[in-house]
Amino acid sequence: MDFLRGVMGSKPAGPQPTGAETIQKLCDRVASSTLLEDRRDAVRALKSLSKKYRLEVGTMSMDHLVRILQTDRSDTEILGYALDTLYNIVCNDEEEEQEENQQKQEDDLGAQFTDKFIQEPENITLLLTLLEEFDFHVRWPGVKLLTALLKSQCAQVQGIVLVSPMGVSRLMDLLADSREVIRNDGLLLLQQLTKGNAAIQKIVAFENAFERLLDIITEEGSSDGGIVVEDCLLLLLNLLKNNSSNQNFFKEGSYIQKMKPWFEVGDDNSGWSAQKVTNLHLMLQLVRVLVSPVNSPGATASCQKAMFQCGLLQQLCTILMATGVPADILTETINTVSEVIRGSEVNQDYFASVNAPSNPPRPAIVVLLMSMVNERQPFVLRCAVLYCFQCFLYKNQKGQGEIVATLLPSTIDANSISAGQLLCGGLFSPDSLSNWCAAVALAHALQDNLTQKEQLLRVQLATSLGKPPVSLLQQCTNILSQGSRVQTKVGLLMLLCTWISNCPIAVMHFLHNQDNVPFLTGQISENLGEDERLVQGLCALLLGICIYYNDNSLENYTKEKLKQLIEKRIGKENFVEKLAFITKHELYSRAAQKPQPAFSTPEHMLFDHEFTKLVKELEGMITKAVLRSSEEEKKEEEVKKTLEQHDSIVTQYKELIREQDSQINELKKQVTSLTSQTENLESTITQQLSQIQQHKDQYNILKLKLGKDTQQTGNQAEAAHVNGLQPEELSQLRERLEEMQTQNQLLQTQLTEKDSLITSLKAENVPSAEDSTSEVTELRKEVEGLKAQLQSQTAEITQLQNERQELLRGAEPTAAVPAEESVYKEKIAELESRLSAQTTETQKLKGEVKTLLERKESMEKDLASATSTSAILQAEKNKLQQEVQDSKKEQDDLLMLLADQDQKILSLKQRLKDLGEPIEDEDDLDSRDQFDDDDEEEEEEECDE
């Protein structure tokens, strides 16, 4: 204790120890003291010296402090001192004003000590376990220390926390702490922990972070809350931005509905605090993260639907039309509404129905467009309105039609201001930014909509009194030729390119004016400054569109004549070079990145995002169309015609194959039904055979019984004439019965052969014609008739057998009455007649079965011919496709060879020129080569002779 008094108290006489020596002694005391109080006092002293002697304390005491955290877990006071000391070593004190170099040294020093601390991952794990201590003096400095480590070496600490068991869960418990200072610092810790790490973001989200954060925001007063609300919103942004899994979890958890109360603003919007503006700004950003155009379309559409259903979109539109809202909040609200309605038909329809609270009420779109074309409005607000209008028209053909309809003569209302009138006013305004915005907005009303492009050609403008009206298309070209500013020219050229692309009628209207093509060629061929080069490139693009989408309906401006004009006045290479300048422009690359127009100054507003897509699509096609010769075009047209013919043939084959497939399916169904019928017939015949076998057994039993009776009586004559039945008659009856059985077996065999034939037809699975289908139908009917006949025959046989059994039952060895004998003879005669009728019917059935077999053979031939026809057609189709591919390949090879040969000839000519040799014309060279070839042939013939 005397030592500590010397350090902390009055200065004794004699030489004083340096700071390093004092720190070394304190470290030795921490390491060697056995008493907890001595170690605690030494650590307290190190804490007091850690800010002034940061380097010395960090270098000498870090290992001892870590050991204290490991061994003295029972004493919360020494743990708090140790954690505070480590925090002072690692943290860079940002509150104190320091010079730049000194601040840089401090940052480097904090990074060095952080690296030293996290070299042992167990130190981070130890720190996470200490955060479970509820004691304020341990938990709070632990939170601050871990936050400082994350600020200094974020990625490394994140990796250690991620692999630590229950690491993220322990940090999430900080949000449930009842002490606000720990909860608030826990928010800052989680902000640093979730930066740029999707895995940790997912874990934090599934640890119920959304529920806790939204509850804290509500408790703190939502948008009227303080800095804690801001911290919660920043953490939510970290969890949701560029994380589709968390966004889907947020939507599925119905948390979007809980965002609606954030945007409930009162009628009195004056006197917004800076914190409220910041909070609401972050809330709007959070909505935009969920519906950002960079998200997957499905996720964005589901979030947009949820925002409409819960009334969030309606609440945002209320803020949009409210008065007294700060300008930056209004701008961000417009951008948010833009992305909520972008590409969503339901949301776009609702936005079209929103009216501003004015007298008389005006549509919100009209009010916003009035701000866009008003040069006194802030630049960022005008950009936001343009983005909102673009999002309203994105994939919205209904909205495009409504905007264009406000320009048509039949729908113009002189008593009200429409969107079309505002766009036309902005298009011809003296303000170049208004010109550009109006041109881009009108271009979006025509995007991918051929109908509206044609409708806009009907728009007529009254330029001045006493002069005839001029079309909107012509007025745009007139403004171009008047030498406007670069921004105005670029906007009008983008509008014209979007208008006439993929619309031959609009191209014809544009070329119909005799001044347009000379103006474009003059602009492209001139040598202008750097700013005008972009205008030249857009003029080249417009002229290229006139060539590519030209239907040759105007004799003076056909495709070939326009290309000849380019070759004479501009040069093909120069034209292509001017066209390629568009994509090389820096502002083009910036506009192509995202749909929202983001420009630092009004002068940088030159390109639109959708227009960059159009340029990317058309540049290659226009270059090929301009560089191709007429012969190449003719060849390509011939190839196209050939391909179209081949395609038509292939289409016919496909239709034939489809028909055959349908026929095959029908035949399969018919074969299936016939198979089932055959199975039923087989089961019926099997039952009949079993019944016949039973009757045979009964007959044999009766026969044996009669034999025994005759032996017992000993009277052969009486036995032979029992009941009037002679032995010859009994034998005939047996023979007929056996014939009936043989006939039934023959019918069964024939039915089995028919079943096998149907099965083979099913296995072949080949297409057939309509006559085969009808044959199968007739065959099915005949089989049904055969089945009925067999059933009737079976019934008759059964009846005969029953009668025979009745007769045999009466054959007992008793004296018969003569009258009864005559009755029995009559019954036997009737039985014989029935048997003969059945025999005749059986012969008839045999003939019918033979006819059926012949029909099936003819049907098999038809099926075989249909199969061969299908195979021939398929082979012809494959052959034609192969010929087309070969011709394409040969054409490409010939083009490459010709290009190489031309290049070689040019290089040889140049070498001859350099050597001073005279160069003859190509015709002379060709004739000379031919003459030399003839001489060589004559010499070879003489040598052969």
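As a reminder, the structure under discussion sits directly above these lines.
Residues numbered from 1 in each chain as written. Predicted model: local features only at pLDDT ≥ 70, side-chain atom pairs only at ≥ 80, totals over all residues. Heavy atoms only, no water.

Caption draft 1: Representation of the overall build of the chain within the structure. A count of helices and strands for the chain gives 41 helices and four strands. Here the chain holds 945 residues, and the buried ones make up 44% of them. Taking as baseline every contact in the chain between residues at least 6 positions apart, the subset at least 24 positions apart corresponds to 74%. Of the roughly 49,700 Å² that the chain leaves accessible, carbon and sulfur atoms contribute 50%. (Helix = DSSP H or I, 4+ residues; strand = E, 2+ residues; numbered from the N terminus. Buried < 20%, exposed > 50% of the residue type's maximum accessible area, 1.4 Å probe, protein only. Contact = heavy atoms within 4.5 Å. Areas by Shrake-Rupley, 256 points an atom, 1.4 Å probe, with all protein chains shown as cover.)

Caption draft 2: Expanded view of the pattern of salt bridges. Per the stated rule, a full pass over the model turns up 20 salt bridges. Between D177 and R139 there is a salt bridge, with the nearest N and O atoms lying 2.7 Å from each other. Placement of the pair is D177 in the loop between α10 (167–172) and α11 (180–193) and R139 in helix α8 (residues 136–152), with a sequence separation of 38 residues. On the basis of relative accessible area, D177 is assigned to the buried category, the value being 6%. A salt bridge links R382 to D431; its shortest N-O distance comes to 3.1 Å. Here D431 lies in the loop between α24 (419–427) and α25 (432–446) and R382 lies in helix α22 (residues 379–393), a separation of 49 residues in the sequence. Judged by relative accessible area, which is 3%, R382 ranks as buried. In this structure, a network of salt bridges that share partners links the residues R40, D41, R44, D75 and E77. (Salt bridge = Lys/Arg side-chain N within 4 Å of Asp/Glu carboxyl O.)

Caption draft 3: Here's a closer look at the nonpolar core. Counting 208 residues, the largest nonpolar core has L171, W262, F263, F351, L472, W499 and L541 as the members making the most contacts within it. Element by element, the count of residues in this core is highest for α22, at twelve residues. Apart from residues lying up to four places away in sequence, F351 is in contact with C317, L320, V337, I341, I365, L368, C388 and F392. (Core = buried A, V, L, I, M, F, W, Y, C linked by side-chain atoms within 4.5 Å.)

Caption draft 4: Just the side chain of R179, in detail. Along the polypeptide, R179 turns up in the loop between α10 and α11. Residues contacting R179, with those up to four places away along its chain left out, are F134, D135, F136 and R139.

Caption draft 5: Layout of the side chain of T147. Along the chain, T147 falls in helix α8. From its side chain, T147 meets the backbone oxygen of V143 in a polar contact 2.7 Å long. (Polar contact = N/O pair within 3.5 Å; in protein donor to acceptor, adjacent residues only side chain to side chain.)

Caption draft 6: Spotlight on the environment of I256. With respect to the element layout, I256 can be found in the loop between α15 (244–252) and α16 (274–290). C-alpha separation for the pair I256 and V287, spaced 31 residues apart in sequence, amounts to 8.6 Å. Other than its neighbours up to four places away in sequence, I256 contacts F250, K251, L290, C303, A306, M307, C310 and L312.

Caption draft 7: Geometry of unusual backbone geometry. Positioned with a positive phi, N208 is a non-glycine residue whose angle comes to about 70°. As for its position among the elements, N208 is in the loop between α12 (198–206) and α13 (209–219). Unlike most non-glycine residues, S254 shows phi in positive territory, near 60°. Along the polypeptide, S254 turns up in the loop between α15 and α16.

Caption draft 8: Region of the structure containing helix α7 (residues 121–130). Burial within α7 is extensive, with seven of its ten residues counted as buried. Listed in full, the buried residues belonging to α7 are N123, I124, L126, L127, L128, T129 and L130.

Caption draft 9: A look at the packing of aromatic side chains. Taken as a whole and judged by the stated rule, the model has twelve aromatic pairs. Between the aromatic rings of F136 and W140, the centroid separation amounts to 5.4 Å while the plane-to-plane angle is 25°, which identifies the pairing as stacked. Of the two residues, F136 and W140 are both situated in helix α8; the distance of four residues between them amounts to about one turn of the helix. Where F351 meets F392, the ring centres are 6.0 Å apart and the plane angle is 55°; that geometry is what we call tilted. Within this pair, whereas F351 is found in helix α20 (residues 345–353), its partner F392 is found in helix α22, the two being separated by 41 residues in sequence. Taken together, the ring pairs connect F206, F210, F249, F250 and Y255 into an aromatic cluster. Note that R179 overlies the ring of F134, its terminal NZ or CZ placed 4.0 Å from the centroid. Against the face of W272 rests K276, its NZ or CZ located 4.5 Å from the ring centre. (Phe/Tyr/Trp six-rings, centres within 6.5 Å; stacked < 30°, edge-to-face > 60°. Lys NZ or Arg CZ within 6 Å of the ring centre and 35° of its normal.)

Caption draft 10: Focus on a negative patch on the surface. On the surface, E883, D886, E890, D892 and D893 cluster together into a patch of negative charge. Take D893: it is sitting in helix α40 (residues 818–915). A relative accessible area of 37% means that D893 is categorised as partly exposed. (Patch = residues over 30% accessible without salt bridge, like charges linked within 9 Å, V, L, I, M, F, W, Y side chains within 5 Å. Lys, Arg positive; Asp, Glu negative; His and termini not counted. Charge placed at Lys NZ, Arg CZ, Asp CG, Glu CD.)

Caption draft 11: Here's a closer look at a nonpolar patch on the surface. Together, L162, V163 and I203 make up an exposed nonpolar region whose accessible area comes to about 250 Å². Among the secondary structure elements, V163 is positioned in helix α9 (residues 154–163).

Caption draft 12: Layout of helix α33 (residues 572–584). Relative to the 18 Å expected for 13 residues at 1.5 Å per residue, α33 spans 19 Å between its end C-alpha atoms, a close match to the ideal helical length. K572, F575, K578, L579, A580, F581 and I582 are the residues of α33 that are buried. (Expected span 1.5 Å × (residues − 1).)

Caption draft 13: Focus on the state of the cysteines. Applying the stated criterion across every chain yields a total of zero disulfides. Sulfur of C424: no disulfide; nearest cysteine sulfur belongs to C476 and is 8.2 Å away. (Disulfide = S-S within 2.5 Å.)

Caption draft 14: Expanded view of the packing of helix α21 (residues 364–372) against α24. Remark: α21 packs on α24, axes separated minimally by 9 Å, with the N-to-C direction vectors making an angle of 10°. Taken together, the axes of α21 and α24 are roughly parallel relative to one another. Contact residues: V366, L369, M370 and M372 in α21; A419, L422 and L423 in α24. Looking at side-chain class alone, the contact of α21 with α24 contains seven nonpolar, no polar and no charged residues. (Axes fitted to C-alpha atoms, helices over the stretch in contact; angles between N-to-C directions. Parallel < 35°, antiparallel > 145°, perpendicular 65-115°, else oblique. Nonpolar A, V, L, I, M, F, W, Y, C, P; charged D, E, K, R; others polar.)

Caption draft 15: Fine view of the environment of Q397. Along the polypeptide, Q397 turns up in helix α23 (residues 397–405). Beyond its immediate sequence surroundings of up to four residues, Q397 is in contact with D448 and N449.

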